[in-house]
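Listed below are the residues making up each chain.
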Amino acid sequence: MTQIAPPPRQAAPAPVEAAEAPGKRQAGTAVRTLVSPLTLASTRGKTFYWIIFGAVVLVFALAFLFPVYWMVSGAMKSPDELLQTPPTLIPKTWHISAYTDAWDLMDLPTHLWNTVVQAAGAWILQLVFCTAAAYALSKLKPAFGKVILGGILATLMVPAQALVVPKYLTIADLPLIHTSLLNDPLGIWLPAVANAFNLYLLKRFFDQIPRDVLEAAEIDGAGQLRTLWSILLPMSRPVLGVVSIFALVAVWQDFLWPLMVFSDTDKQPISVALVQLSQNIPLSVLIAAMVIASIPMVAMFLVFQRHIIAGISAGGTKG
């Protein structure tokens, strides 16, 4: 009996739509923007785009740079022109002598040097002690570490004005040794060391450093201090730059606490001296002194702006 062979089995059709459709949809998905790519491809669209972009950049540049220009040019106006209504946008006569008068009459070199000494000392001590405390709380895991950290963070809820009187009484009569730190840079340095915000910022950065890095250093025979100095600090340059800027700016612009600590005029920083010596000084000379006093901070921001950006993105370290 002859057997009829079954028809050959046909291969199942490939799921073209299932396999290719997602890829096609992904490749053909258009990104929604305010202006369509087709419009930007035309000459008219490109021209319109760059006009709008240039106008926005110009508005923001004027918003940031015009106050600087107004202060710098105001110091070059005569006293009568400064009080003129409406004010003049461009000085009628440029008087550069206001800057030299401010430099000499207000003794700016002395007060600027006082500010540099006070800010540098507070910055160095704050970096040393806050970094050591943050490293201990983050990597050494001391007993009651979370309780200590909670107490440190609780100080951020206390208004700064409420601490002025206790700090002054402590500085005026230092406990145990019973000495006064008034009219002494230590009166600025020691209170600036205990900065809870910078300490927490450093601790959070240290928490994100992988534990494998520290274990590799331990295998190589590095101690805790060696690990901190050779491993963690080089990796922490972005956040150290941000903490440094915070520490320097806080001391440089502070007014109330230096006013209470320094009764001697020759030892006062620039923020206090500008107020104390502005009684019998022409307005143009006072504005010139303010311009000179702001130059170091502006220069510091221009130099360390790369570290600011790096410190903002420092939280992206993967553990």
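That block above? That's the structure.
Section: the pattern of salt bridges
Alright, step 1. All told, the structure shown has three salt bridges when counted by the stated rule.
Alright, step 2. One salt bridge connects arginine 204 with aspartate 207, and the closest N-O pair in it is separated by 3.8 Å. Note that arginine 204 and aspartate 207 are positioned in helix α10 (residues 196-207) at a spacing of three residues, about one turn of the helix.
Alright, step 3. Residue arginine 204 is classed as partly exposed on the basis of its relative accessible area, which comes to 39%.
Alright, step 4. Residue class for aspartate 207 comes out partly exposed when judged on its relative accessible area of 28%.
Alright, step 5. Note that arginine 211 is salt-bridged to glutamate 218, the shortest N-O span being 3.7 Å.
Alright, step 6. By relative accessible area, which is 40% here, glutamate 218 ends up partly exposed.
Alright, step 7. A cluster of three or more residues bridged by salt bridges with shared partners is formed by Lys203, Arg204 and Asp207.

Quick notes on a nonpolar patch on the surface
Alright, step 1. A contiguous nonpolar surface patch, about 870 Å² in accessible area, is contributed by Phe48, Ile51, Ile52, Val56, Val59, Phe60, Phe64 and Leu65.
Alright, step 2. Relative to the helices and strands, phenylalanine 64 is located in helix α3 (residues 43-74).

Structural notes on the side chain of lysine 77
Alright, step 1. Secondary-structure assignment places lysine 77 in the loop between α3 and α4 (79-82).
Alright, step 2. It is glutamate 81 that comes nearest to the buried, bridge-free lysine 77 among opposite-charge side chains, at 5.1 Å.
Alright, step 3. When neighbours within four sequence positions are excluded, lysine 77 is seen to be in contact with Trp70, Leu82, Thr88, Pro91, Thr93, His95 and Ser284.

What about the packing of α10 against helix α13 (residues 237-253)?
Alright, step 1. In the contact formed by α10 and α13, the axes pass within 10 Å of each other and the chain directions differ by 175°. Taken together, α10 and α13 sit at an angle that is classed as roughly antiparallel. In this structure, α10 uses Phe197, Asn198, Leu201, Leu202 and Phe205 to contact α13, whose residues at the interface are Val239, Leu240, Val242, Val243, Phe246 and Ala247.
Alright, step 2. Taken together, the residues of the contact of α10 with α13 break down into 10 nonpolar, one polar and no charged.

Quick word on the nonpolar core
Alright, step 1. With 36 residues, the main nonpolar core has Tyr99, Met106, Leu108 and Ile270 as its most contacted residues.
Alright, step 2. The set of elements that each furnish at least two residues to this core consists of α5 (97-105), α6 (108-140), α9 (186-193), α13, α14 (256-261), α15 (270-276) and α16 (283-303).
Alright, step 3. The element that contributes the greatest number of residues to this core is α16, accounting for 10 residues.
Alright, step 4. Those residues in contact with methionine 106 that sit more than four places away from it in its chain are Asp101, His111, Ala273, Leu274, Leu277, Ile281, Leu286 and Ala289.
Alright, step 5. Formed by 18 residues, the second largest nonpolar core is a distinct cluster that contains Leu137, Leu202, Phe205 and Leu228.

Description of α6
Alright, step 1. Taking 1.5 Å per residue as the helical rise, α6 with its 33 residues ought to reach 48 Å, and the 46 Å between its terminal C-alpha atoms agrees with that figure.
Alright, step 2. Count one or two residues on from α6 and you reach lysine 141, which has phi positive near 50°.

Section: α10
Structural remark: α-helix, 3.6 residues per turn; residues separated by three or four positions point the same way.
Alright, step 1. Compared with an ideal rise of 1.5 Å per residue, which puts 12 residues at 16 Å, α10 spans 16 Å between its outermost C-alpha atoms and is within 8% of the ideal.
Alright, step 2. Those residues of α10 lying buried are Ala196, Asn198, Leu199, Leu202, Lys203, Phe205 and Phe206.
Alright, step 3. On its buried face, α10 is in contact with α6, α7 (145-154), α12 (224-235) and α13.

A few points about the packing of aromatic side chains
Alright, step 1. Going through the model one piece at a time under the given rule, you end up with seven aromatic pairs.
Alright, step 2. Judged by centre distance (6.2 Å) and plane angle (15°), the rings of tyrosine 49 and phenylalanine 53 are stacked. Taken as a pair, tyrosine 49 and phenylalanine 53 lie in helix α3 at a separation of four residues, close to a single helical turn.
Alright, step 3. Taken together, a centroid distance of 6.3 Å and an interplanar angle of 40° make the contact between phenylalanine 66 and tyrosine 69 tilted. Remark: tyrosine 69 and phenylalanine 66 occur in helix α3; sequence separation between them is three residues, near one turn of the helix.

Reading the values: the criteria
Residues numbered from 1 in each chain as written. Predicted model: local features only at pLDDT ≥ 70, side-chain atom pairs only at ≥ 80, totals over all residues. Heavy atoms only, no water. Salt bridge = Lys/Arg side-chain N within 4 Å of Asp/Glu carboxyl O. Helix = DSSP H or I, 4+ residues; strand = E, 2+ residues; numbered from the N terminus. Buried < 20%, exposed > 50% of the residue type's maximum accessible area, 1.4 Å probe, protein only. Patch = residues over 30% accessible without salt bridge, like charges linked within 9 Å, V, L, I, M, F, W, Y side chains within 5 Å. Areas by Shrake-Rupley, 256 points an atom, 1.4 Å probe, with all protein chains shown as cover. Lys, Arg positive; Asp, Glu negative; His and termini not counted. Contact = heavy atoms within 4.5 Å. Axes fitted to C-alpha atoms, helices over the stretch in contact; angles between N-to-C directions. Parallel < 35°, antiparallel > 145°, perpendicular 65-115°, else oblique. Nonpolar A, V, L, I, M, F, W, Y, C, P; charged D, E, K, R; others polar. Core = buried A, V, L, I, M, F, W, Y, C linked by side-chain atoms within 4.5 Å. Expected span 1.5 Å × (residues − 1). Phe/Tyr/Trp six-rings, centres within 6.5 Å; stacked < 30°, edge-to-face > 60°.

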